[in-house]
Number of protein chains: 2
Amino acid sequence: MAGLHEVAKLSGVSKSTVSRVINNEYGVKASTKEKVQKAIEECGYVANQVARDLKSQKTHLIGVIVPRMSSNATAKGLDGLSSIIDQAGKHVLLANSQQDNAKEIEYIKRFNQKRVEGILLYATHLDSALVKAIKESNAPVVLIGQDGSLFNIPSIIYDDVSVGFSAGQRLIEAGASNIGFIGVNSQDIAVDQCRFQGLAHFLQHSKQIDPLFHSRGEFTIESGYQQTKQLLLDWPQLDGLFCATDRIAIGAMKAISESNKVSGKDIKVLGVGNDELAQVCTPSLSTFNYAFDFTGKKAAQMLLDLIENKQAVVSKLVMSFESISRQSC
Amino acid sequence: MAGLHEVAKLSGVSKSTVSRVINNEYGVKASTKEKVQKAIEECGYVANQVARDLKSQKTHLIGVIVPRMSSNATAKGLDGLSSIIDQAGKHVLLANSQQDNAKEIEYIKRFNQKRVEGILLYATHLDSALVKAIKESNAPVVLIGQDGSLFNIPSIIYDDVSVGFSAGQRLIEAGASNIGFIGVNSQDIAVDQCRFQGLAHFLQHSKQIDPLFHSRGEFTIESGYQQTKQLLLDWPQLDGLFCATDRIAIGAMKAISESNKVSGKDIKVLGVGNDELAQVCTPSLSTFNYAFDFTGKKAAQMLLDLIENKQAVVSKLVMSFESISRQSC
DNA sequence: CTCACTACTGCAAACGTTCCCAAAGATAAT
DNA sequence: ATTATCTTTGGGAACGTTTGCAGTAGTGAG
């Protein structure tokens, strides 16, 4: 591929001058400029950003690690963050960890080799190896969805405990008294533990409520369906169900209707995330809305600030939520 | 950041030797190797991939341009393609064109500057400026979702004409005779034009059918709703509706039920894409399944082959589809 | 005609690697 | 001891840019 050198030879000037034309610095005679530009056209010169990056020690690259692409949280988050990153004249280097902790660590290392300027990490859980990798990263890291503030890692999280608390409130107010919770992996602090804790915390304060069931599965409709089927067998008096995600809740409602009960009447159901699915299913799902794309934007902005200042101004950002009432509760 | 040079100084050998240790080439005395490795640990050396890329003239970067992140087609496609690209030891450089042709062109150019090894382009429409940009790209381009074979651009597309044809067949068999079509932008050859053409083509062969309505909107539920409301006013005898996407179809069914007709009975409705929404809504939506993530994989594979061979082996790949029958038709 | 000044241009080093080539040291064969 | 062979190491060019510094031309003033 044609380089600065060939353009120089073709137009009969030095590389330096060509470089000046390209970056249109002043101090180049108009006639030379023209000559050079013609030569650039002629041999289809395309600047080599790799060489530039090396020379300038700046890659304009932001590494983004997501656990999976096809989920609301990440897809919308990506939409948001990419707009901010683009606006800042930088590029997104994307990696899919497939919820594998080892891969997350691997990518952080690769990103450092690529000399990214910062890393946005949608984490599913935070173990010591991951914390170590983040600490060792030369590029600043912003964590999304899990709280890393204990380890002094700048994080942007959802207010999961409050959501759980509010869920308890909504279920009780709707008349439920035997309440179950379907979570995911116990290593997922935010989605499983916090949401449950919030729920439990509220229920403890309303004395008359029986202890609740805590069941665990995957992030899928199918898993929600299976979990609920089992739950209905184990605990027939169930009349309120808080699901860690909307998908799980939709599976749950399917199981409920198959057992000849009706969601929203016999059993109040609540999800989290305000997935587009929630407004389309029947009965429509009451849930909590998280501003995923705004979160992506905020995270990107936070990272850019961090890159700029080299020091965290905000170290933890808690995003609020919005209760959405539909038919299921 | 520590470079090869510092490691060399610290361990008292030359840069060359350090380089050999890092790439563990043979011909390094065990004792030297150890010494160097200790020094690497000590000063936390991280290889600079930018310099390597420049030297080796290989970036291991694949540029991917999508019109939006949060849609089934792209999210699942990204999931698929990223797994293949990752497997090949390459990285995804992601750009969101927001369906803006100018941005697509801009990104192709930027990607060329970044010296990506290939580009995967989810295009919405193919105008001459875009074709020109693709032609001028030094990195091979594979087009996804639109047919560029006329311009000799390797493409991977869905069999949209056949889907339209099959839709006609299914609607007629279900007893419809006044059939409407809701598409999108007319510049979107694949989603709007081809699907409509297929439908029209089938209907022409079944003589007794009246001419059909062709209405146009956006890719959203809301737009499908609005279009259908209007369509029902303009053409009350409507009893079959083919929607270019599932989202549009879901909006359509909402409008239908609001006008006191029932989808699947009074009006047969068909979507395209087998969005997760389609199995969750009521009545559930009959549609066509496209293997989006497999398509992403295929596209990535095709691009990798192209990078390898420098010549297109397959220049056009048509993905088949699967009819999914549910309640709406 | 010389001097000083400005406007323009080229040389060469540097960014952090890799890798060819040659040098040096070690070992074995004559 | 000399030569040959093999192993291990270092020097330095190259990848394609940018940039400080120096050099050359041209111009106007004295």
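The model shown is predicted, which means the values in this text are computed figures rather than measured ones.

### Examining the overall build of chain A
For chain A, the count of helices and strands is 13 helices and twelve strands. Here the C-alpha radius of gyration of chain A, 26 Å, is well above what a compact globule of 329 residues would show, namely 20 Å. If you take every contact in chain A between residues at least 6 apart in sequence, the share linking residues at least 24 apart comes to 71%.

### Some remarks on the protein's contact with DNA strand D
Close contacts around DNA strand D come from 25 residues, with L4, S19 and N48 of chain A together with V13 and T32 of chain B the closest. Looking at the surface near DNA strand D, the elements that each hand over two or more residues are α2 (15-22) and α4 (49-56) of chain A together with α2 (15-22) and α4 (49-56) of chain B. Among the elements that take part in the surface near DNA strand D, α2 of chain A stands out by supplying five residues, more than any other. Residue composition of the surface near DNA strand D, by class: eight nonpolar, ten polar and seven charged.

### What to know about the domain arrangement of chain A
Each domain of chain A was delimited in the assignment, giving domain 1 (4-47), domain 2 (57-158 + 292-321) and domain 3 (160-289). Computed from C-alpha coordinates alone, the two centres of domain 1 of chain A and domain 2 of chain A are separated by 40 Å.

### As for the protein's contact with DNA strand C
The environment of DNA strand C is made up of 25 residues, and the closest members are S16 and T32 of chain A together with L4, S19 and N48 of chain B. Of all the elements, α4 of chain B adds the most residues to the surface near DNA strand C, at five residues. Its residues assigned to classes, the surface near DNA strand C shows eight nonpolar, eleven polar and six charged.

### Structural notes on unusual backbone geometry
For the bond from T282 of chain A to P283 of chain A, the omega torsion is -10°, close enough to zero to count as cis. Looking at the element boundaries, P283 of chain A is found in the loop between α12 (276-280) and β10 (287-289). Within the chain, Q57 of chain B stands out as a residue other than glycine whose phi angle is a positive 60°. Relative to the helices and strands, Q57 of chain B is located in the loop between α4 and β1 (61-66). Take Q57 of chain B: there are 10 C-beta atoms within 10 Å of it, and that puts it in the exposed class.

### Topic: the relation of the copies chain B and chain A
For the pair chain B and chain A, the superposition axis carries a translation of 0.0 Å, the fit reaches an RMSD of 0.1 Å, and the rotation angle comes to 180°. The superposition of one copy onto the other is thereby described by a two-fold rotation axis. Taken together, the interface assignments show that 97% of the residues at the interface of chain B recur at the interface of chain A, consistent with an identical surface on both copies.

### So, the sheet that holds β1 of chain B
Judged by pairing direction, the sheet is mixed, and its twelve strands sit side by side in the order β11(A)-β5(A)-β4(A)-β3(A)-β1(A)-β2(A)-β2(B)-β1(B)-β3(B)-β4(B)-β5(B)-β11(B) without closing on themselves. Only two strands of the sheet have a single neighbouring strand rather than two, namely β11 (316-319) of chain A together with β11 (316-319) of chain B. Pairs of neighbouring strands in the sheet enclose a mean axial angle of 20°, with direction left out of account. Relative to strand β2 (residues 91-96) of chain B, strand β2 (residues 91-96) of chain A runs antiparallel, the two being bridged by three bridges. If you follow V92 of chain A over to β2 of chain B, its bridge partner there is L94 of chain B.

### What about the pairing of β2 of chain B?
Residue and element names in this part refer to chain B. Of all six residues that make up β2, six are buried, and the element is covered over most of its length. By the alternation rule, side chains of β2 split into H91, L93 and A95 and V92, L94 and N96, which are all buried. Where β1 and β2 come together, six bridges link them in parallel fashion. Each residue of the ladder has a partner; that of I62, found in β2, is V92. Viewed along the sheet, the connection from β1 through helix α5 (residues 72-87) into β2 turns out right-handed.

### Focus: the nonpolar core
Core analysis: the biggest nonpolar cluster contains 182 residues, and L120 and A252 of chain A together with L120 and A252 of chain B have the highest contact counts within it. The contacts of L120 of chain B, once residues within four sequence positions are left out, are I62, V64, L81, V142, I144, A299, A300 and L303 of chain B.

### Looking at the interface of chain B and chain A
At the junction of the two partners, chain B supplies 36 residues and chain A supplies 35 residues. For the side of chain B that touches chain A, the elements supplying multiple residues, two or more each, are α4, α5, β2, α6 (101-113) and α12 (276-280) of chain B. Among the elements that take part in the side of chain B that touches chain A, α5 of chain B stands out by supplying seven residues, more than any other. In the side of chain B that touches chain A, the residues fall into 16 nonpolar, twelve polar and eight charged.

### As for helix α3 (residues 30-42) of chain B
All names here are of chain B. In this model, α3 (13 residues) spans 18 Å end to end at C-alpha, consistent with the 18 Å of a helix rising 1.5 Å per residue. Turning to α3, its buried residues are V36, A39 and I40. In a view along the axis of α3, the buried residues occupy a sector of 105°, so they form one face of it. With respect to the buried face of α3, the exposed residues turned more than 90 degrees away are A30, S31, K38 and E41. Turning to α3, the residues buried within the fold contact α1 (4-11) and α2. Positioned one or two residues after α3, G44 has a phi angle of 55°, which is positive.

### Observations regarding the sheet that holds strand β8 (residues 240-243) of chain A
Hydrogen bonds between backbone groups are what pair the strands of a sheet, and the pairing can be parallel or antiparallel. Residue and element names in this part refer to chain A. Pairing is parallel in the open sheet, where four strands are placed in the order β7-β6-β8-β9. One side of each edge strand has no neighbouring strand; the edge strands of this open sheet are β7 (213-216) and β9 (268-270). Recorded for the sheet is a direction-independent mean angle of 15° between the axes of neighbouring strands. Its contacts with the sheet put helix α10 (residues 221-234) on β6 (179-183), β7 and β8, and the angle it makes with β6 is roughly 150°.

### Quick word on the packing of α2 of chain A against helix α3 (residues 30-42) of chain A
Residue and element names in this part refer to chain A. For the pair α2 and α3, the least separation of the axes is 10 Å and the interaxial angle reads 90°. Judged by the angle between their axes, α2 and α3 are roughly perpendicular. For the pair α2 and α3, the contacting residues are T17, V18 and V21 in the first and T32, K33, V36 and Q37 in the second.

Conventions used here
Residue positions are counted from 1 within each chain, in the order its sequence is given. Labels follow written order: the first chain is A, the first ligand is 1, and so on. The predicted origin of the model limits local features to residues at a pLDDT of at least 70 and limits the giving and counting of side-chain atom pairs to 80 or more, whereas totals for whole chains, interfaces and linings rest on all residues. Think of it this way: any DSSP run of H or I at least four residues long counts as a helix, any run of E at least two long counts as a strand, and we number them from the N terminus. Atoms counted for the radius of gyration: C-alpha only. Globule rule: 2.2 Å times residue count to the power 0.38. By the convention adopted here, residues are in contact when the distance between their C-beta atoms, placed from the backbone, does not exceed 7 Å. Any residue whose backbone-placed C-beta atom lies within 6 Å of a molecule or strand is treated as near that molecule or strand. Under this grouping Gly is polar, as are all residues other than the nonpolar Ala, Val, Leu, Ile, Met, Phe, Trp, Tyr, Cys and Pro and the charged Asp, Glu, Lys and Arg. Each domain span listed reflects an automatic or database assignment of domains. Exposure in this text rests on C-beta crowding, where 20 or more other C-beta atoms within 10 Å of a residue's own make it buried, 12 or fewer make it exposed, and counts in between make it partly exposed. The C-beta atoms are placed from the backbone. Copies are brought into register by a least-squares superposition over C-alpha atoms of residues with pLDDT of at least 70 in both. At least two bridges found by DSSP between two strands are what make those strands a pair. Helix axes are fitted only over the stretch in contact, all axes being lines through C-alpha atoms; the angle between N-to-C directions runs from 0 to 180 degrees. Look down the strands so they point away from you; if the path from the first strand over the helix to the second goes clockwise, the crossover is right-handed. By definition, a nonpolar core groups buried Ala, Val, Leu, Ile, Met, Phe, Trp, Tyr and Cys residues that connect through C-beta atoms lying within 7 Å of each other. By this rule the span expected of a helix is its residue count minus one, scaled by 1.5 Å. The arc under discussion is defined with respect to the helix axis, by the directions toward the C-beta atoms. With respect to orientation, any angle under 35 degrees is reported as roughly parallel, any angle over 145 as roughly antiparallel, any angle of 65 to 115 as roughly perpendicular, and every other angle as oblique.

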